[in-house]
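Chain by chain, the residues:
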Amino acid sequence: RRCELASVLRLVAEQGREGFYAGRVADAIAQAVHDAGGCLARSDLHAHCSTFTEAISAPFHGVQVWEHPPNGGGLPVLLALNILRVLEEQGRVPPLNASD
């Protein structure tokens, strides 16, 4: 059982971002980072602001594959899938089978 995780998730459900980026959760995160030799203060967590980007996608074997855009690693994944698709169409690599 993961009682501590359940407690954190409950706090986030009840208090939103404050339940994670402030209070005891933020204190525990900052302490764990400090104990590992890092430098992170509770105020750093509280000042955090997330950004949400629009996903990018490409078709591959009948499904739409969705990934994070740059700065994430999604673009190289989609490029690799497109290269693989073209190589399969040209017969230069064996086609991917669902059972593989």
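Up top you'll find the structure we're talking about.
Residues numbered from 1 in each chain as written. Predicted model: local features only at pLDDT ≥ 70, side-chain atom pairs only at ≥ 80, totals over all residues. Heavy atoms only, no water.

Student: What's the story with the pairing of strand 2 (residues 63-67) in this structure? I'm lost.
Tutor: On a regular strand, one side chain projects to one face of the sheet and the next to the other, so that they alternate. Bridge count for strand 1 (residues 56-60) against strand 2 is five bridges, and the pairing is antiparallel. Directly across from F60, in strand 2, lies its bridge partner V63. Following strand 1, the chain reverses through two residues before pairing antiparallel with strand 2; H61 in that reversal takes a positive phi of roughly 50 degrees. (Pairing = 2+ DSSP bridges. Helix = DSSP H or I, 4+ residues; strand = E, 2+ residues; numbered from the N terminus.)

Student: Sorry if this is basic, but what is going on with the pattern of salt bridges here?
Tutor: Oppositely charged side chains can form a pair if their charged atoms are brought close together. Going through the model one piece at a time under the given rule, you end up with four salt bridges. For D27, the salt bridge is made with R42, and the minimal N-O distance between the two is 3.4 Å. You can see D27 sitting in helix 3 (residues 23-35) and its partner R42 sitting in helix 4 (residues 42-47), a full 15 residues away along the chain. For D27, a relative accessible area of 36% gives the class partly exposed. Residue R42 is classed as partly exposed on the basis of its relative accessible area of 39%. Between R85 and E89 there is a salt bridge, with the nearest N and O atoms lying 3.1 Å from each other. With R85 and E89 both in helix 5 (residues 74-89) and four residues apart, the pair spans about one turn of that helix. (Salt bridge = Lys/Arg side-chain N within 4 Å of Asp/Glu carboxyl O. Buried < 20%, exposed > 50% of the residue type's maximum accessible area, 1.4 Å probe, protein only.)

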